[in-house]
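Per-entry structural report
Listed below, chain by chain, are the residues.
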Amino acid sequence: MDDVRTLSSDGFDGRRTGSEGGRKARAFVVDRFKTIGLPPAFEGGYEQPFTVTPKLVPGQSGSTPLEAANVVARCAGTDASLPVFVASAHFDHLGVRNGQRHPGADDNASGTAVLLALAQACRDEPFRHTVLFAAFDAEELGLEGARAFLAAPPVPRDRIALNVNLDMVARGDKGELYAAGLYHTPSLKPALDEVAARAPIALRFGHDRPGTGHDDWTMQSDHGRFHQAKIPFVYFGVEDHPDYHKPSDTADKIDPQFFGKAAAVILDALRTLDRTR
Ligand SMILES: [Zn+2]
């Protein structure tokens, strides 16, 4: 909750890519990885800079490229022969629109905070697989951070066995968390069935069937880029709520009890997948 409150606080101004608030969010994640004690995933450091040209919005005359950067840490696995997992969450959000700050507490300060908690857990007790902890920029501009990451990954792309993506994991309005992606990769199901059976909240599967329109979340967040690259994914998230992409997506709307349980379920899932894949 501390990380969610910080990232969604006024000083971060909604974390729009290329904005001062966006840069602050990026620096915050770098600092947290340093404090946790995980090394950078890239030779040059934690940051993977790229530029993104926002799509033209009707009524806008021009669009200048924005400076963006992913922030990625590495947690070495205990078995170097195994392929690599990528845990991810986007830290950018919508910024200020029409004079209104969009704090993005659930979307996606929540996923970023859980990503940092997973990184801490990995630092404390490493996984068998090496895990890259990727905080992506420019998701809101069209999954651009994940695209940049896969265009120049810190390990060969064919070494990446799984993406576990987190986007909006804190709002327990319905008391349930979804794990999407099993339709595309049914072999994930036994491990996640195990996790669901002992989960302290409802862990549901679905939202991944082609032809179901907006109910199919396959391309709704950064995991979509992994899917396009034929890399299996599990996406954790909640269904849209009335504060989705609104100035009212604030930290006080989050039930810390649900959020803590959701984080525990996601950690359990990552550990169980690590053990069984
Ligand atoms: Zn999001």
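Keep in mind that what you see is a predicted model, and the values were worked out from it rather than measured.

1. Focus on the overall build of the chain
Each helix and strand in the chain was counted, giving seven helices and 10 strands. The C-alpha atoms of the chain give 17 Å as radius of gyration, which agrees with the globular expectation for 277 residues (19 Å, within 12%). Looking at the chain residue by residue over its 277 residues, the buried ones come to 50%. For the chain, restricting intrachain contacts to residue pairs at least 6 apart in sequence, the fraction spanning at least 24 positions comes to 79%.

2. A few points about the nonpolar core
Membership of the largest hydrophobic core comes to 80 residues, with the highest contact counts inside it found for Ala87, Leu115, Ala119, Phe133, Val169 and Ile266. Apart from residues lying up to four places away in sequence, Ala87 is in contact with Leu115, Leu118, Val131, Phe133, Ala134, Val164 and Leu270.

3. Quick word on the pairing of strand β8 (residues 176-180)
Most of β8 is tucked away, with four of its five residues classed as buried. Sheet topology places β8 next to strand β9 (residues 202-205); four bridges connect them, and they run parallel. Across the sheet, Tyr178 pairs through a bridge with Arg204, a residue of β9. In terms of handedness, the path from β8 via helix α5 (residues 189-198) over to β9 forms a crossover that is right-handed. Taken together, the three bridges between β8 and strand β10 (residues 233-237) define a ladder with antiparallel strand orientation. Bridge pairing in β10 places Ala179 opposite Phe236.

4. Digging into the packing of helix α2 (residues 20-36) against helix α3 (residues 105-124)
Where α2 meets α3, the closest approach of the two axes is 10 Å, and the angle between their N-to-C directions is 20°. In terms of orientation, α2 lies roughly parallel with respect to α3. α3 is crossed by α2, and the crossing has right-handed handedness. Every residue of α3 that contacts α2 at Val29, Arg32, Phe33 and Ile36 is listed here: Thr112, Leu116, Ala119, Gln120 and Arg123. Split by residue class, the contact of α2 with α3 holds five nonpolar, two polar and two charged.

5. Here we look at the sheet that holds strand β1 (residues 47-52)
One open sheet holds the eight strands; their spatial order is β1-β2-β6-β3-β7-β10-β8-β9, and the pairing between them is mixed. The open sheet is flanked by β1 and β9, the only strands paired with a single partner. Neighbour-to-neighbour, the strand axes of this sheet turn through a mean angle of 20°, independent of strand direction. Pairing of strand β3 (residues 84-90) with strand β7 (residues 160-166) involves six bridges; the strand directions are parallel. Among the inter-strand pairings, Ala89 is bridged to a residue of β7, identified as Leu166.

6. Focus: the confidence of the model for the chain
Looking at the chain as a whole, its pLDDT mean stands at 96, while 97% of the residues score no less than 70. For the chain, the element scoring lowest by mean pLDDT is strand β4 (residues 95-97), at 95; β3 scores highest, at 99.

7. Brief notes about the environment of Lys24
Take Lys24: it is sitting in helix α2. By C-beta crowding, Lys24 is classed as partly exposed, having 17 other C-beta atoms within 10 Å. With near-sequence residues (within four places) excluded, Lys24 lies in contact with Gly11 and Phe12.

8. Focus: helix α4 (residues 144-151)
An α-helix turns once every 3.6 residues. As a result, residues three or four positions apart point the same way. Taken together, the buried positions of α4 are Glu144, Gly145, Ala146, Ala148 and Phe149. Those residues of α4 hidden inside the fold are in contact with β1, β2 (66-75), β3, β6 (130-136) and α6 (223-228).

9. A short note on the environment of Leu177
Positionally, Leu177 belongs in strand β8. In the structure, Leu177 is positioned 34 residues away from Leu143 in sequence and 22 Å away in space, judged by C-alpha atoms. In this structure Leu177 touches Val169, Ile201, Leu203, Phe236, Val238, Ala262 and Val265, once residues within four positions along its chain are discounted.

10. Things to note about α3
Compared with the 28 Å implied by 1.5 Å per residue over 20 residues, the 27 Å span of α3 between its first and last C-alpha is a close match. The element α3 is largely enclosed, with a buried count of 15 among its 20 residues.

11. Re the packing of α3 against helix α7 (residues 256-276)
The interhelical angle for the contact between α3 and α7, taken along N-to-C directions, is 50°, at an axis separation of 10 Å. Accordingly, the angle class assigned to the pair α3 and α7 is oblique. The crossing of α3 and α7 is right-handed. Facing α3, whose interface residues are Ser110, Val114, Ala117, Leu118 and Ala121, α7 presents Phe259, Ala263, Ile266, Leu267 and Leu270. For the contact of α3 with α7, the residue count by class is nine nonpolar, one polar and no charged.

The rules behind each value
- Residues numbered from 1 in each chain as written.
- Predicted model: local features only at pLDDT ≥ 70, side-chain atom pairs only at ≥ 80, totals over all residues.
- Helix = DSSP H or I, 4+ residues; strand = E, 2+ residues; numbered from the N terminus.
- Rg over C-alpha atoms; globule rule 2.2 N^0.38 Å.
- Buried ≥ 20, exposed ≤ 12 C-beta atoms within 10 Å, placed from the backbone.
- Contact = placed C-beta atoms within 7 Å.
- Core = buried A, V, L, I, M, F, W, Y, C linked by C-beta atoms within 7 Å.
- Pairing = 2+ DSSP bridges.
- Right-handed = clockwise from strand over helix to strand, strands pointing away.
- Axes fitted to C-alpha atoms, helices over the stretch in contact; angles between N-to-C directions.
- Parallel < 35°, antiparallel > 145°, perpendicular 65-115°, else oblique.
- Left-handed = near helix turned anticlockwise from the far one by under 90°.
- Nonpolar A, V, L, I, M, F, W, Y, C, P; charged D, E, K, R; others polar.
- pLDDT = per-residue confidence, 0-100.
- Expected span 1.5 Å × (residues − 1).

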